[in-house]
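Notes for the structure review
Chain by chain, the residues run as shown.
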Amino acid sequence: MSKEDLIQFEGVVEEVLRDARFMVKLDNGLDVSAYASGKMRKFRIRILAGDRVTLEMSPYDLSKARICFRHKEERHPRPH
């Protein structure tokens, strides 16, 4: 494993924190602190609580992660 190798996980955003940070519960049950990647900020992709996301983590620090993808989900339209 080289220094640049990243581990990918999937999880669900549980809480939106300040400073563009998020608490994400991984599929294996762990909670990690995450931030949106630069491309997601550049294209203004919104991340809300309850969204399913893909994370990249360094093998050296498994408590922090970068959100690199927000999965599209069927959202129910609001009634008028």
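Residues numbered from 1 in each chain as written. Predicted model: local features only at pLDDT ≥ 70, side-chain atom pairs only at ≥ 80, totals over all residues. Heavy atoms only, no water.

Applied cut-off: UniProt positions are given in the numbering used here, feature names are shortened, and annotations may be inferred rather than shown by experiment.
Identification of the protein chain as Translation initiation factor IF-1 from Pseudothauera lacus is taken from an unreviewed UniProt entry. Its UniProt record gives the protein chain the following Subcellular location (unreviewed entry) comment, quoted word for word: "Cytoplasm". As its UniProt record puts it under Subunit (unreviewed entry), the protein chain is described as follows: "Component of the 30S ribosomal translation pre-initiation complex which assembles on the 30S ribosome in the order IF-2 and IF-3, IF-1 and N-formylmethionyl-tRNA(fMet); mRNA recruitment can occur at any time during PIC assembly."

1. Focus on the overall build of the protein chain
Here is the rule we go by: Per the convention used, a helix needs a DSSP run of H or I reaching at least four residues, while a strand needs a run of E reaching at least two, with both numbered from the N terminus. For each residue, the accessible area found with a 1.4 Å probe, counting protein chains only, is set against the maximum for its type, and the residue is called buried under 20%, exposed over 50%, and partly exposed in between. The contact definition used throughout considers only heavy atoms, calling two residues in contact when any of these lie within 4.5 Å. Where accessible areas are quoted, they stem from the Shrake-Rupley method and a 1.4 Å probe; at the residue level, only the protein chains shown are allowed to cover.
The secondary structure content of the protein chain amounts to 1 helix and 5 strands. Start at the N end of the protein chain and walk to the C end: the helices and strands fall as β-β-β-α-β-β. Residues classed as buried in the protein chain amount to 24% of the 80 residues present. Restricting the contact set of the protein chain to residue pairs at least 6 apart, pairs at least 24 apart contribute 48%. For the protein chain, the accessible surface area stands at approximately 6300 Å², while carbon and sulfur atoms represent 52% of it.

2. Considering the pairing of strand 2 (residues 21-26)
Spelled out, the test is: In this analysis, strands are considered paired if DSSP registers two or more bridges between them.
Burial along strand 2 is one-sided: Phe22, Val24 and Leu26 are buried, while Arg21, Met23 and Lys25, pointing the other way, are not. A loop of 4 residues connects strand 1 (residues 7-16) with strand 2, the two strands running antiparallel in sequence, and Asp19 in this loop sits at a positive phi of about 60 degrees. Bridging between strand 2 and strand 3 (residues 31-36) involves 5 bridges; their strand directions are antiparallel. Considered in strand 3, the bridge of Arg21 is made with Tyr35.

3. So, the side chain of Thr54
For clarity, the threshold we go by: Any pair of nitrogen or oxygen atoms within 3.5 Å is treated as a polar contact; in protein, a donor-acceptor pairing is required on top of that, and neighbouring residues in sequence qualify only through side-chain atoms on both sides.
Positionally, Thr54 belongs in strand 4 (residues 52-58). Within polar-contact distance, the side chain of Thr54 engages the side chain of His71 at 2.7 Å. With residues up to four places along the chain from it excluded, the contact list for Thr54 reads Gln8, Phe9, Glu10, Arg66, Ile67, Cys68, Phe69 and His71.

4. Side note on the pairing of strand 4
With 5 of its 7 residues buried, strand 4 lies for the most part within the structure. Bridge count for strand 1 against strand 4 is 6 bridges, and the pairing is antiparallel. Directly across from Ile7, in strand 4, lies its bridge partner Met57. Relative to strand 5 (residues 61-70), strand 4 is paired through 5 bridges, and the arrangement is antiparallel. The partner of Thr54 across the bridge, within strand 5, is Phe69.

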